[in-house]
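So the chains spell out like this:
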Amino acid sequence: MDSFRDVHVWLLILIVGSAAAIHYDCLPSKVLEGKETPSCLLNGVTLPTAEHLQNVTFSSNHAAVTMEHGHIPHFETELAKKLPRVEDLSLIGMGVRTLLIWRSLKHLSAYNNSIETLEFDDGTGAKLGGEYELTSLVLNGGLLKSVPPLGSRFNRLKLLSLDNNLLEQVKLEDFVGLTHLQSLSLASNRLIKVEFGGSSDHAGIALLKLMHLSLADNQLLTLNTTGWEFGSLASLDLSGNNLYLLAGGLDSLGALKELRYARNDWNCEWLSKVQLHLTSEAIAIVDREPLGRCAESSMKELQGICCYEHAELDYSTDVFGTRWEQLAGLQRQYELLQYAHDVQTVKESEALVDEDRVFRSRLDRTNQAQDGLEHTLKHLQSNVAREVERMDRLSVGVTRSMTELRRSLNDLYQLIIQPEPSLDTIRQQTATGSVKRIKAAIEKLRRGIREYAGSTEMRENRIQRLGERLAVVNGKILQFELENKLLEQRATDLEATVKMAFDLIDRNPSKPLATRGIA
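In this text, all values refer to a predicted model and were calculated from it rather than measured experimentally.

Student: What is the right way to look at the overall build of the protein in this model?
Tutor: Within the protein, the regular secondary structure consists of nine helices and 25 strands. Within the protein, buried positions represent 35% of all 519 residues. Considering only intrachain contacts with a sequence separation of at least 6, the fraction spanning at least 24 residues in the protein is 57%. Looking at the protein as shown, the accessible area adds up to about 29,900 Å², and 54% of this sits on carbon and sulfur atoms.

Student: Got a minute to help me understand the pattern of salt bridges in this structure?
Tutor: Proximity of charged atoms lets side chains of opposite charge pair with each other. Enumeration according to the criterion identifies 15 salt bridges in this entry. For Arg357, the salt bridge is made with Asp354, and the minimal N-O distance between the two is 3.0 Å. Separated by three residues within a single helix, Arg357 and Asp354 lie in helix H6 (residues 324–417), roughly one turn from each other. Among the residues examined, Asp354 registers a relative accessible area of 42% and is labelled partly exposed. Among the ionic contacts, a cluster of salt bridges with common partners joins Asp265, Glu289 and Arg293.

Student: Please clarify how the state of the cysteines should be interpreted in this entry.
Tutor: Note on terminology: a disulfide is the covalent bond linking the sulfur atoms of two cysteines. For the structure on display, the rule yields three disulfides. Looking at the protein, its bonded cysteines, counted consecutively from the start of the sequence, adopt the pairing 1-2, 3-6, 4-5.

Student: I tried to follow helix H4 (residues 268–280) on my own but got confused; where do I start?
Tutor: An α-helix turns once per 3.6 residues; consequently, residues spaced three or four apart project the same way. The end-to-end C-alpha separation of H4 is 18 Å, in line with the 18 Å expected for 13 residues at 1.5 Å each. Within H4, the full set of buried residues consists of Cys268, Trp270, Leu271, Val274, Gln275, His277 and Leu278. Close packing links the buried residues of H4 with strand S20 (246–247), strand S21 (258–260), strand S22 (266–267), strand S23 (284–285), strand S24 (300–302) and strand S25 (305–308). Here H4 starts with a cap whose side-chain oxygen sits 3.0 Å from the backbone nitrogen of Glu269, and that cap is Asn267. A positive backbone phi angle near 55° is found at Ala282, which sits one or two residues after H4.

Student: Just checking my understanding: could you explain the packing of aromatic side chains for this structure?
Tutor: The description of an aromatic ring pair uses the distance of the two centres, along with the angle that the planes make with each other. Applying the stated criterion across every chain, the model contains seven aromatic pairs. Look at Tyr24 and Phe58: their rings are 6.0 Å apart centre to centre, the planes differ by 25°, and that puts the pair in the stacked class. Taken together, the residues span a long stretch of sequence, with Tyr24 in strand S1 (residues 22–24) and Phe58 in strand S3 (residues 56–58) at a distance of 34 residues. Just as Tyr24 is buried, Phe58 falls in that class too. Relative to Trp102, the ring of Phe75 has its centre 6.0 Å away and its plane inclined at 10°; by these criteria the two rings are stacked. Placement of Phe75 in strand S5 (residues 74–75) and of Trp102 in the loop between strand S7 (98–101) and strand S8 (107–111) is noted, with a sequence separation of 27 residues between them. What makes Trp102 buried here is its relative accessible area of 0%. A connected cluster of aromatic rings, assembled from ring pairs, spans Phe120, Tyr132 and Phe154.

Student: Is there a simple way to explain a nonpolar patch on the surface in this structure?
Tutor: A surface patch of nonpolar side chains, about 590 Å² in accessible area, is lined by Leu409, Leu412, Tyr413, Leu415, Ile416 and Ile417. Relative to the elements of secondary structure, Ile416 occurs in helix H6.

Student: Is there a simple way to think about empty space enclosed by the protein in this case?
Tutor: Unfilled space is identified by rolling a water-sized probe across the atoms. Applying the stated criterion across every chain yields a total of two cavities of 30 Å³ or more. As a volume, the largest cavity reaches approximately 50 Å³. What lines the largest cavity is simply Leu405, Ser408, Leu409, Leu412, Ile438, Ala441 and Ile442. Broken down by secondary-structure element, the contributors of at least two residues to the lining of the largest cavity are H6 and helix H8 (432–506).

Student: When you look at the sheet that holds strand S9 (residues 117–120) in this model, what are you seeing that I'm missing?
Tutor: Sheets are built from strands that pair by backbone hydrogen bonding, the pairs being arranged parallel or antiparallel. With respect to topology, three strands assemble into an open sheet ordered S5-S7-S9, the strand pairing being parallel. At either margin of the open sheet sits one strand with a lone partner, and together these are S5 and S9. Relative to S7, S5 is paired through two bridges, and the arrangement is parallel. Paired with His74 across the two strands is Thr98, which belongs to S7.

Student: For this particular structure, what's the right way to read the sheet that holds strand S11 (residues 159–161)?
Tutor: Strand order across the open sheet formed by 11 strands is S2-S4-S6-S8-S10-S11-S13-S16-S19-S21-S23, with parallel pairing between neighbours. Each end of this open sheet is capped by a strand with a single partner; those strands are strand S2 (40–43) and S23.

Student: Explanation requested: the nonpolar core in the structure shown.
Tutor: Judged by nonpolar contacts, the single largest core of 84 residues is most densely connected at Met67, Phe75, Leu160 and Phe175. If you tally residues by element for this core, the top one is H4, at five residues. In this structure, Phe75 is in contact with Met67, Leu83, Leu89, Leu91, Val96, Thr98, Leu99, Leu100 and Trp102, ignoring residues within four places of it in sequence.

Student: How should the pairing of S8 be read in this particular structure?
Tutor: Taken residue by residue, a regular strand's side chains alternate between the two faces of the sheet. Here strand S6 (residues 88–92) pairs with S8 via five bridges, running parallel. When the bridges of S8 are listed, Leu91 appears paired with Ala110. In the sheet, S8 pairs with strand S10 (residues 136–140) via five bridges, with the strands oriented parallel. Within S10, the residue paired with Tyr111 across the bridge is Asn140.

What counts, and where the lines are drawn
- Residues numbered from 1 in each chain as written.
- Predicted model: local features only at pLDDT ≥ 70, side-chain atom pairs only at ≥ 80, totals over all residues.
- Heavy atoms only, no water.
- Helix = DSSP H or I, 4+ residues; strand = E, 2+ residues; numbered from the N terminus.
- Buried < 20%, exposed > 50% of the residue type's maximum accessible area, 1.4 Å probe, protein only.
- Contact = heavy atoms within 4.5 Å.
- Areas by Shrake-Rupley, 256 points an atom, 1.4 Å probe, with all protein chains shown as cover.
- Salt bridge = Lys/Arg side-chain N within 4 Å of Asp/Glu carboxyl O.
- Disulfide = S-S within 2.5 Å.
- Expected span 1.5 Å × (residues − 1).
- Polar contact = N/O pair within 3.5 Å; in protein donor to acceptor, adjacent residues only side chain to side chain.
- Phe/Tyr/Trp six-rings, centres within 6.5 Å; stacked < 30°, edge-to-face > 60°.
- Patch = residues over 30% accessible without salt bridge, like charges linked within 9 Å, V, L, I, M, F, W, Y side chains within 5 Å.
- 1 Å grid on protein atoms, 1.4 Å probe; cavity = no way out; pocket = protein on both sides within 12 Å on 5 of 7 lines; lining within 4 Å.
- Points joined across faces, edges and corners; volume = space filled by probe spheres on them.
- Pairing = 2+ DSSP bridges.
- Core = buried A, V, L, I, M, F, W, Y, C linked by side-chain atoms within 4.5 Å.

Just geometry here; none of it tells us what the structure is for.
Structural data, given as structure tokens:
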């Protein structure tokens, strides 16, 4: 087997002077573990300067290339152009400090290098242009101190691993542009803080397709999961930190099926509640504590997980032993975090007070406007009442006129149906006074009917206009009442937030440290 491997190592390196051509060859039939297609293995590629990058040539036409145990400090555009067909690139122990990601790459893995900076193809090269095809990026064992600015250019990326680098703080907003990200690993770094972003405007972070998240083996003291919109997250690894609780809990992670959370400093009261939730949701616990850890650290064990129950600690003995130096380091980290938290809290408190003042001013103006509308509504209601009273009086007058007209008509009818009198009787009954009286009654009746009809139409029009104005005013009142309720609710929420912020400012900074243990 050893002789077979010796036959398949790199075959030819020609170096003739500093400016001579350098050629590397490989055997295309080599199939490496984990690769679905044959991969070209290049062992010992050494290109320390830009001159070497210009003069090197490769005979490989493979889509998958693996470079091991060489030295390429700057893997840049000049070298990428020498590998035009490569879609799957692996760099293992190559001493790379600057690494280019060009657009035709689909898989890039770099293990145990010295990567400090990532560069991105600007698309100007004829062979390097187009959209980014990258679906997996592994940069483990490097010197990265911050998350590379991946932005939204890698919208096909599904796997991202930055394990074993030098990350101390991570902002989740650095990953929101990776809309198809399914697996994110930040294990074995120096993380002391995981936050939403650089400002307090972030209400939440959405990575809707993320299925696996690892923050294992860092230095996290606490983690706030409030605002995590990880609707597909099935696996979460928090093992090997200094966590004593999760602010926000695990309730928002509805798809969670697997959890690793051993080797932390959990608070027993918090842990007990979380374990009830894990049991009720059938979430599998994959890891367990190292044998004897709970007893050695004077910790309590709950379902195989160690935790501190501070009420049972014996303060007459030195429970920390030789860990005072670690305690001092954690104390310094805590003080830095506390100072940053206090500064941010003051800023947030001032912003909340200003916003509360603005909303209260708007609420006062709204109440004044509502009072004015209510006064207008009362005035309109008074006018409507007066018009209704006038209509009642007019109706009574019309009724009286109709009664008199009916009486006059009855008298006339009686005259008609009486037996035909003699000529003298007719003359006597149809005296001038009777005729004039009948004509006057008829004329009066006609005037009354005309006046009643005109007055009725005018009042109906006026009542209709008043009804329309009343409907508009009622609509405005309902709108202002709704806005008033929203503003009152907003003011109540702001008062609660301000109270919580001032409670955080006024609390004893050393209290969280005094109530937990050190691993």
